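Remarks on the overall topology
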Amino acid sequence: MITLFLIFLNIIVYFTVPYSNYSLFGLNILFFKGDYWQILSSMFLHGGLTHLILNMIVLFQFGSVLEKYLGKIYFLLVYFIGGMFCSLLSVAYIYFFDSNVNLIGASGAICVLMGYFAFLDRKSTLGIIIAILLMSFTPLIMGINIAWYGHIFGFICGFALAKIISIKKRYS
């Protein structure tokens, strides 16, 4: 099961990559100086055990369903391609609005899955949008600094990927 593999990979990275290396592997302004791997590596770092656990719970929820629906290979492509598009949008945000950020976490890629699911199950779209907004802005209200834009970019990327793929299937 790819979803369990991704969860396992996130856990391994959390416990093996020292926090002192987060500026090298997190998504930050160094991307523009040639640290292009950050687009992918930042998706596997987490700011603490709570961050990791919450992300892995949501990854399991949406990943398990979408992996069965899409199949292993296609699910993996949606997760990584969507996650990297989300990272690209986030790095643009960093460049133009907040160059002091070091973005970490699987949240963007997970929100891609949530956006994809919201497209597939239109009855759940409003609920998922509310969940994205709550998980993006409630921590900010509580004074916890998170990359709220990564969640929103992820949702948009996932919804757009599902839309593009549905159009392609319709005309194939």
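Procedures and definitions
Residues numbered from 1 in each chain as written. Predicted model: local features only at pLDDT ≥ 70, side-chain atom pairs only at ≥ 80, totals over all residues. Heavy atoms only, no water. Axes fitted to C-alpha atoms, helices over the stretch in contact; angles between N-to-C directions. Helix = DSSP H or I, 4+ residues; strand = E, 2+ residues; numbered from the N terminus. Parallel < 35°, antiparallel > 145°, perpendicular 65-115°, else oblique. Left-handed = near helix turned anticlockwise from the far one by under 90°. Contact = heavy atoms within 4.5 Å. Nonpolar A, V, L, I, M, F, W, Y, C, P; charged D, E, K, R; others polar. Expected span 1.5 Å × (residues − 1). Buried < 20%, exposed > 50% of the residue type's maximum accessible area, 1.4 Å probe, protein only. Salt bridge = Lys/Arg side-chain N within 4 Å of Asp/Glu carboxyl O. Disulfide = S-S within 2.5 Å. Polar contact = N/O pair within 3.5 Å; in protein donor to acceptor, adjacent residues only side chain to side chain. Core = buried A, V, L, I, M, F, W, Y, C linked by side-chain atoms within 4.5 Å.

**Quick word on the packing of helix 5 (residues 72–97) against helix 6 (residues 107–120)**
For the pair helix 5 and helix 6, the least separation of the axes is 8 Å and the interaxial angle reads 120°. Considered as vectors, helix 5 and helix 6 are oriented oblique to each other. The element helix 5 and its partner helix 6 pack so that their crossing is right-handed. In this structure, helix 5 contributes Tyr74, Phe75, Val78, Tyr79, Gly82, Gly83 and Cys86 to the contact, and helix 6 contributes Gly108, Ala109, Ile110, Val112, Leu113 and Tyr116. Across the contact of helix 5 with helix 6, the residue classes tally to ten nonpolar, three polar and no charged.

**With respect to the packing of helix 6 against helix 7 (residues 125–141)**
Direction vectors running N to C along helix 6 and helix 7 enclose 160°, while the axes themselves pass 9 Å from each other. Here helix 6 lies roughly antiparallel to helix 7, going by the angle between them. For the crossing formed where helix 6 meets helix 7, the hand is left-handed. Counting all contacts with helix 6, which are made through Cys111, Met114, Phe117 and Ala118, the residues of helix 7 involved are Thr125, Ile128, Ala131, Ile132 and Met135. Class assignment for the residues of the contact of helix 6 with helix 7 results in eight nonpolar, one polar and no charged.

**What about helix 8 (residues 148–170)?**
Because an α-helix packs 3.6 residues into every turn, residues spaced three or four apart end up facing the same way. The terminal C-alpha atoms of helix 8, which comprises 23 residues, lie 34 Å apart, in line with the 33 Å expected from a rise of 1.5 Å per residue. For helix 8, the full list of buried residues reads Tyr149, Gly150, His151, Phe153, Gly154, Phe155, Cys157, Gly158, Leu161, Ala162 and Ile165. Contact partners of the buried residues in helix 8: helix 5, helix 6 and helix 7.

**Focus on the environment of Tyr74**
Among the structural elements, Tyr74 can be located in helix 5. Judged by relative accessible area, Tyr74 falls into the partly exposed class, the value being 24%. Setting aside anything within four residues of it in sequence, one finds Tyr74 in contact with Tyr116 and Ile165.

**Some words on the pattern of salt bridges**
A full pass over the atoms with the stated rule returns one salt bridge. Across the pair Lys72 and Glu67 runs a salt bridge whose closest N-O atoms are separated by 3.5 Å. Its relative accessible area of 5% is what places Glu67 among the buried residues.

**Focus: the state of the cysteines**
Disulfides are covalent bonds that connect the sulfur atoms of two cysteines. Throughout the structure, instances matching the rule amount to zero disulfides. Its sulfur unpaired, Cys111 is 7.3 Å from the next cysteine sulfur, which belongs to Cys86. Relative accessible area serves as the criterion here: at 0%, Cys111 is assigned to the buried category.

**Thoughts on the side chain of Gln38**
Within the element layout of this structure, Gln38 appears in helix 3 (residues 38–41). Looking at Gln38, the relative accessible area reads 0%, which means it is buried. For Gln38, the side chain forms a polar contact with the main-chain oxygen of Leu24, separated by 3.2 Å. Those residues in contact with Gln38 that lie beyond four places of it in its chain are Ser23, Leu24, Phe25, Gly26, Leu27, Asn28, Leu30 and Phe31.

**Some thoughts on the nonpolar core**
Formed by 48 residues in total, the largest nonpolar core has its most connected members in Leu59, Tyr79, Leu113, Met114, Tyr116, Ile128 and Tyr149. Elements supplying a minimum of two residues to this core: helix 1 (2–16), helix 4 (49–70), helix 5, helix 6, helix 7 and helix 8. Beyond its immediate stretch of four places on either side in the chain, Tyr149 contacts Ser90, Tyr93, Ile94, Val101 and Leu103.

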